[in-house]
Number of protein chains: 2
Amino acid sequence: MTTIYDIAKRTGYSPTTVSKAFNNYSDVRAKTRQEILEAAREMGYLPNAHARTLTTKKSWTIGVLFVEGTGAGIRHPFFGAVIESFKQVAVDKGYALMFISKDVGGKQSGYLENCRIHGVDGVVVLLSDYDDPYFQELLDSSIPMVILDYETAQAHTVCSDNTAGALQAVEYLVSLGHRRIAHISGGKGTFPGKQREQGFVAAMESHGLEIPGDYIVEGAFYSLDSGYAAMQQLLALRERPTAVFASGDLLAQGAVMAARDSGLAVPADISVMGFDDIELSKFVTPALTTVQQNTAVLGRRAAEVLLDSIDQGRGDMQALVFPVEVVVRESCAPPAEE
Amino acid sequence: MTTIYDIAKRTGYSPTTVSKAFNNYSDVRAKTRQEILEAAREMGYLPNAHARTLTTKKSWTIGVLFVEGTGAGIRHPFFGAVIESFKQVAVDKGYALMFISKDVGGKQSGYLENCRIHGVDGVVVLLSDYDDPYFQELLDSSIPMVILDYETAQAHTVCSDNTAGALQAVEYLVSLGHRRIAHISGGKGTFPGKQREQGFVAAMESHGLEIPGDYIVEGAFYSLDSGYAAMQQLLALRERPTAVFASGDLLAQGAVMAARDSGLAVPADISVMGFDDIELSKFVTPALTTVQQNTAVLGRRAAEVLLDSIDQGRGDMQALVFPVEVVVRESCAPPAEE
DNA sequence: AGTGAACATTAAAGGGCTTACATTTGCAGC
DNA sequence: GCTGCAAATGTAAGCCCTTTAATGTTCACT
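Everything numeric here is computed off the predicted structure, so don't read it as measured data.

## A closer look at the protein's contact with DNA strand D
- Near DNA strand D, the surroundings consist of 30 residues, among which A:I4, A:Y45, B:S14, B:T16 and B:T55 are the closest.
- Considering the 4 Å shell around the protein, atoms of DNA strand D inside it are sugar or phosphate in 60% of instances.
- One of the side-chain N or O atoms of A:T16 is found 3.3 Å from a base oxygen in DNA strand D.
- At 2.8 Å, a side-chain N or O of B:T17 approaches a phosphate oxygen of DNA strand D.
- Sorting the residues of the surface near DNA strand D by element identifies α1 (4-11), α2 (15-22) and α4 (49-56) of chain A together with α2 (15-22) and α4 (49-56) of chain B as the ones contributing at least two each.
- No other element matches α4(A), which puts four residues into the surface near DNA strand D.
- Residues belonging to the surface near DNA strand D are distributed by class as follows: 11 nonpolar, 13 polar and six charged.

## With respect to the protein's contact with DNA strand C
- Taken together, 30 residues lie around DNA strand C, and A:T17, B:I4, B:S19, B:Y25 and B:Y45 are the ones closest in.
- Those atoms of DNA strand C that come within 4 Å of the protein belong to sugar or phosphate at a rate of 61%.
- Here a phosphate oxygen of DNA strand C sits 3.3 Å away from a polar atom, N or O, in the side chain of B:N23.
- Taking B:R52, its side chain carries an N or O atom lying 2.9 Å from a phosphate oxygen of DNA strand C.
- Of all the secondary structure elements, the ones that give two or more residues to the surface near DNA strand C are α2 and α4 of chain A together with α1 (4-11), α2 and α4 of chain B.
- With four residues, α4(B) is the largest single contributor of residues to the surface near DNA strand C.
- In terms of residue class, the surface near DNA strand C is built from 12 nonpolar, 13 polar and five charged.

## Observations concerning the packing of aromatic side chains
Residue and element names in this part refer to chain A.
- This model, assessed by the stated rule, comprises 23 aromatic pairs over all chains.
- Measuring from ring centre to ring centre gives 4.7 Å for W60 and Y95, while their planes differ by 45°; the resulting arrangement is tilted. With W60 in the loop between α4 and β1 (61-66) and Y95 in the loop between α5 (77-92) and β2 (96-99), the pair connects residues that are 35 residues apart, well separated along the chain.
- For W60, a relative accessible area of 37% gives the class partly exposed.
- Given a relative accessible area of 3%, Y95 falls into the buried group.
- Relative to F79, the ring of F78 lies with its centre 5.4 Å away and its plane at 40°, an arrangement referred to as tilted.
- Overall, the relative accessible area of 4% leaves F78 in the buried class.
- Judged by its relative accessible area of 2%, F79 is buried.

## Comments concerning the domain arrangement of chain A
Residue and element names in this part refer to chain A.
- Segmenting chain A into domains produces domain 1 (61-160 + 296-323) and domain 2 (162-293).
- A separation of 29 Å is found between the C-alpha centroids of domain 1 and domain 2.
- Listed as interface residues are eight residues of domain 1 and, on the opposing side, six residues of domain 2.
- Between domain 1 and domain 2, roughly 820 Å² of surface is buried when both sides are summed, and carbon and sulfur atoms account for 56% of that area.
- In this assembly, domain 1 and domain 2 are joined by zero salt bridges.
- The tally of links between domain 1 and domain 2 comes to two residue pairs in polar contact (both at pLDDT 80 or more).

## Description of α4(A)
- All of the buried residues in α4(A) are A:A49, A:H50 and A:T53. Down the axis, α4(A) shows its buried residues gathered within 95° of arc, on one side only.
- Taken together, the buried residues of α4(A) touch α4 and α6 (111-118) of chain B.
- Two or three places before A:H50, at the start of α4(A), stands the capping residue A:N48, its side-chain oxygen 2.8 Å from that residue's backbone nitrogen.
- Following α4(A) by one or two positions, A:K57 has its phi on the positive side, about 65°.

## Details of the nonpolar core
- In terms of nonpolar packing, the biggest core is built from 59 residues, with A:M231 and B:M231 touching the most fellow members.
- Within the second largest apolar cluster, 58 residues are counted, among which are A:L97, A:V297, B:A90 and B:L307.

## Describing the environment of A:A182
Residues and elements named next belong to chain A.
- Checked against the element boundaries, A182 lands in strand β8 (residues 181-185).
- Classification of A182 as buried rests on a relative accessible area of 0%.
- On a C-alpha basis, the gap between A182 and L167 in space is 13 Å, while along the polypeptide they are 15 residues apart.
- Apart from the residues within four sequence positions on either side, A182 is in contact with F200, Y215, L234, P241, A243, V244 and F245.

Rules behind the numbers
- Residues numbered from 1 in each chain as written.
- Chains lettered and ligands numbered in written order.
- Predicted model: local features only at pLDDT ≥ 70, side-chain atom pairs only at ≥ 80, totals over all residues.
- Heavy atoms only, no water.
- Near = heavy atom within 4 Å.
- Polar contact = N/O pair within 3.5 Å; in protein donor to acceptor, adjacent residues only side chain to side chain.
- Helix = DSSP H or I, 4+ residues; strand = E, 2+ residues; numbered from the N terminus.
- Nonpolar A, V, L, I, M, F, W, Y, C, P; charged D, E, K, R; others polar.
- Phe/Tyr/Trp six-rings, centres within 6.5 Å; stacked < 30°, edge-to-face > 60°.
- Buried < 20%, exposed > 50% of the residue type's maximum accessible area, 1.4 Å probe, protein only.
- Domains from an automatic or database assignment.
- Contact = heavy atoms within 4.5 Å.
- Buried area = accessible area lost by both parts, 1.4 Å probe.
- Salt bridge = Lys/Arg side-chain N within 4 Å of Asp/Glu carboxyl O.
- Arc of directions from axis to C-beta.
- Core = buried A, V, L, I, M, F, W, Y, C linked by side-chain atoms within 4.5 Å.

Given below as structure tokens:
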């Protein structure tokens, strides 16, 4: 492994000058730099990131906290799309992404600890359980951080406008003529789930529509199965809804399947609407009408906010909220005549 | 930031002893270790991974080369599932995962260069374009490496049995009574695509079935669109196939959509079969009959092979091949009477 | 020739950790 | 009380890089 000392020896300059040549210091003569760079190339020199980090205290590494243990992990369709777009700008600015787990080598250590050990310059958080004490510990630290799908004054946050999204969804269903609209919630435990539910309630009220107590049912973990189960409950009601707005696309798809298994056609007999617009939703039949989150923008802006925060230091926390859009496909239609 | 020196000062021991205490050296007295660990805890000490790496030459980091630039990235449904399972065992053994890109900070540097700079202990490769010169450069290096979906004597590789998979697919279609079976190939540029195509050809031959020249059409990039286009070609043929075996699920789904748009019902009028069993395939209508790759095993075994190779050093290269399985769903049926 | 500014280079320290080797301690055995 | 040996601890160098402060050079101008 060649080091700057090797280059120094070979070129006759000192290690200092070699280092400066690489770091574009103005006080090394153009010709000198040429010589050094040339020698470095010939010798196959590559800087050692660890050594550099040790002295500069800057690792050019960003920690990624990604949903773990839910079985989905990296496959999480929404976060996966966001991190992909995040990655592009981070890499472009010279950062590498490193997954930070809370249990490494079989021992529970926590997010903060592992961030410190690896000296990450900042952290992007894509978690679904924001009550996790290890997350809280990290949140209380002073590591530059951007969090997705959450809001807090303690860090920069990037969200879609869940409330408005729910509102638009209801608007759309109402515009089709629906009045008995139910909601499959993502659960109060999750931040977006709560917001979407609130948006739903508010939107219904603003239209003077009643929400029977059993018209809001919880779908745990945004999973297909729980969407299915939730829909079964809704279908068993005496006064069955004509449309269902689900807090996530997988929930919605589960609902569609439950409806179908009960002999109901979607959207002819009952309309179903989702949230997120994951890739899946285009391909199912009927293609899912849903509220689309702009994952590309979410990821990009999250990266920009984080990198700024790394550069500028702790400033005012930003809470970015991005608009969403109803994507009309095939799973909603006017209610059947009664 | 507390260092072992701080702990040394506080406890009265030397930095050496402190270091040894953390690293479970046998030559530090139990009581001494206690004291030191206790002090460390109180002082909030955490080891500095970079400093440690600098001296030990071991970073406890694994580089991940993941498809870039195809638009899918981390969302790649098959590789995403594999890396998730890979990650679990790597993390469990104490490794962290770091994404290695070829262009960092806006300049082309290549995979090998970035691996060296970050001193990764090993690399897992999930790429689709194995002709990339930067990948070749890495392959020629001596970094411990495991590659997915590829075979070469230069590194450990982990694959599904693509040939057998294609064979099983054909068997299944034949068992339903099909004789005019076409193939939408993943393209000869991709390793699994080639294997599946060969498997298809061999299987057809073994059944004495003819493959008209235009019964094999290439679907670039395994994308939905190209599956759609490929299917259109097949449907335009004078003697249209009764079943189509596609090299990937997205291709298959594209084919299904093309068939539908041509007024054909799947599977009543034409059967379509895929490969991979990505998450999507369960949810589309008709649910896709496909050849399932066992991503959990693929990822786990890839990790095991790589970690062994890191520990044991360069030994014989392993080429692991795992069996696949036909998952029967709804997209295939006996051919229509003629 | 002498002065000072501007430029070019270097020595040395430091960042946090490990490790080969050296030294001290404790204690059994005489 | 002394020797000798194992156990326990310490010294110091080294990993590779950056940076501050100091030294050395050049050159324009009086």
